[in-house]
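# Architecture at a glance
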Amino acid sequence: MSELKRTALYDLHMELGGKMVPFAGYEMPVQYPMGVMKEHLHTRSAAGLFDVSHMGQVILRSASGDMADAARALETLVPVSVLGLKENRQRYGFFTNAAGGILDDLMIAHRGDHLFLVVNAACKAADIALMQERLGADCAVVPVTDRALLALQGPAAEAALGRLVPGVAEMKFMDIAVLDGPDGEVWVSRSGYTGEDGFEVSVAADAAPAFARALLDMDEVAPIGLGARDSLRLEAGLCLYGNDIDETTSPVEASLDWAIQKVRRKDGDRAGGFPGAERILAELETGTARRRVGLLPDGRAPMREGTRLFADAEGGQPIGHVTSGAFGPSIEKPMSMGYLPTELSAEGTQVFGEVRGRRRPATVAAMPFRPATYKR
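Residues numbered from 1 in each chain as written. Predicted model: local features only at pLDDT ≥ 70, side-chain atom pairs only at ≥ 80, totals over all residues. Heavy atoms only, no water.

### Observations concerning the environment of Ile331
Applied cut-off: Only DSSP runs of H or I with at least four residues qualify as helices, and only runs of E with at least two residues qualify as strands; both kinds are numbered from the N terminus onward. Residue burial is assigned from relative accessible area. The probe radius is 1.4 Å, only protein chains are included, and a residue is buried under 20% of its type maximum, exposed over 50%, and partly exposed in between. Two residues qualify as a contact provided that any one of their heavy atoms is within 4.5 Å of a heavy atom in the partner residue.
Here Ile331 shows up in the loop between strand E16 (320–328) and strand E17 (333–341). You can call Ile331 buried: its relative accessible area is 17%. On a C-alpha basis, the gap between Ile331 and Lys375 in space is 21 Å, while along the polypeptide they are 44 residues apart. Those residues in contact with Ile331, other than ones at most four positions away along the chain, are Glu235, Leu296, Phe369 and Arg370.

### Description of the packing of aromatic side chains
Our working definition: Pairing of aromatic rings covers Phe, Tyr and the six-membered ring of Trp, with a centre-to-centre limit of 6.5 Å; geometry is then stacked below 30 degrees between planes, edge-to-face above 60, and tilted otherwise.
Inspection of every chain in the model, using the stated rule, returns four aromatic pairs. Pairing Tyr92 with Trp258 gives two aromatic rings, centres 5.6 Å apart and planes at 20 degrees, and the pair type is stacked. Here the residue Tyr92 occupies a position in strand E5 (residues 90–96), and Trp258 occupies one in the loop between helix H7 (226–235) and helix H8 (277–286), the gap between them amounting to 166 residues. On the basis of relative accessibility, which here comes to 10%, the residue Tyr92 falls in the buried class. With centroids separated by 5.2 Å and ring planes inclined at 80 degrees, the aromatic side chains of Phe116 and Trp187 adopt a geometry described as edge-to-face. Residue Phe116 is found in strand E7 (residues 115–119), and its partner Trp187 is found in strand E11 (residues 184–189); the two are separated by 71 residues along the sequence. Members of the aromatic cluster, connected to one another through ring pairs, are Tyr92, Phe94 and Trp258.

### Brief notes about the environment of Ala301
Of note, Ala301 is situated in the loop between strand E14 (290–297) and strand E15 (308–310). With a relative accessible area of 29%, Ala301 lands in the partly exposed category. Spatially, the C-alpha atoms of Ala301 and Met335 are 9.2 Å apart, while their sequence positions differ by 34 residues.

### A closer look at the packing of helix H2 (residues 36–45) against H7
The test is simple: To get an axis, fit a line to the C-alpha atoms, keeping to the stretch in contact for a helix; angles then go from 0 to 180 degrees between the N-to-C directions. We call two directions roughly parallel when the angle between them is under 35 degrees, roughly antiparallel when it is over 145, roughly perpendicular when it lies between 65 and 115, and oblique otherwise. Helix crossings fall into two classes, left-handed where the near helix is turned counterclockwise from the far one by less than a right angle and right-handed where it is turned clockwise. For this scheme, ten residues count as nonpolar: Ala, Val, Leu, Ile, Met, Phe, Trp, Tyr, Cys and Pro. Four count as charged, namely Asp, Glu, Lys and Arg, and the remainder, Gly too, count as polar.
Two numbers describe how H2 lies on H7: the axes approach to 8 Å, and their chain directions differ by 55 degrees. Taken together, the axis directions place H2 and H7 in an arrangement best described as oblique. The two elements H2 and H7 meet at a crossing, and its hand is right-handed. On H7, the residues touching Val36, Glu39, His40, Thr43 and Arg44 of H2 are Gly227, Ala228, Ser231, Leu232 and Glu235. The residue inventory of the contact of H2 with H7, partitioned by class, reads three nonpolar, four polar and three charged.

### Notes on helix H4 (residues 124–135)
The condition is simple: To estimate the expected span of a helix, count its residues, drop one, and scale the result by 1.5 Å. Think of the arc as the fan of directions from the helix axis to the C-beta atoms.
End to end, H4 covers 16 Å across 12 residues, agreeing with the expected 16 Å (1.5 Å per residue, within 8%). Turning to H4, its buried residues number three or more, namely Lys124, Asp127, Ile128, Leu130, Met131 and Leu135. Along the axis of H4, the buried positions cluster into a sector of 160 degrees, meaning they face one direction only. Every exposed residue of H4 that faces more than 90 degrees away from the buried side is listed here: Ala125, Ala126 and Glu133.

Written out as structure tokens, the structure reads:
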């Protein structure tokens, strides 16, 4: 663990009894003494505080000073509409490769005269290198290395954060704002990765411990680790990069086609022009051989990552596999997501997962497994 990086909240995690594990090159808390199940349920009923400082924060600024030029530049790397993003709003997107696979998924925010991106920890070095290589002639690609990133999620998140950062209550889902915090400027988005209402807050690294302590001093707020973060995002039907999506997975296979706006599709005003466009645009028109689906296994035991899926209870070759699986504390049953042939991807279809040498039934289900509670 000595070679791993530490976030600005490492000492606080240790003080709180966090169980530290290696994750994406960092020492991160997988759980606290409350335990994963209670942490999950606390986030659903009150407010959970997550340290997500390991993720990459990046500013993209056009050399011309025109935000539209930065947006057009980024559109050469992503299939989503960046130029159509309104000021003080953000949207989900993904970098694609020449084969139409997903290099990483990210959040893209329009901050007036520049774009602010949040990328995954394991991919941030490669993402920054990609942008510097492909966009560096026309844009400044500036990694933000002096700020921590916290996520406050749950139905009590608005009230809790509002005590420290006035103005957050007026924000809607996917709004962004630069606001005054207790120790200086904070960058806030009304978003997260749990299916709950909540916020992600970028705060100066040296002010982050005091900011986190102030939140944790509130009765509604508890510290939450990676274990509950995973079960929360899975209940919400959200992908984990490296598990559910990767360089071999197209956005259409991954059922992320909702994130590709009409303007970037065939016959749109800015159709194509991104890596892998030929494949992705064709798949949007004609479909794919496989799709990411939700699965509800019978019984109480989860079907976890790597579980092979079959069409029948006996015989035959595998037809797909599970990419994420866990027990859902809020839905009180196991849940999985994975890939199946498109003809077997309809809701209600029964398939079989091989667990410890035995095939058990699972039913294709709509995602999210639990309805989202975003503030629209």
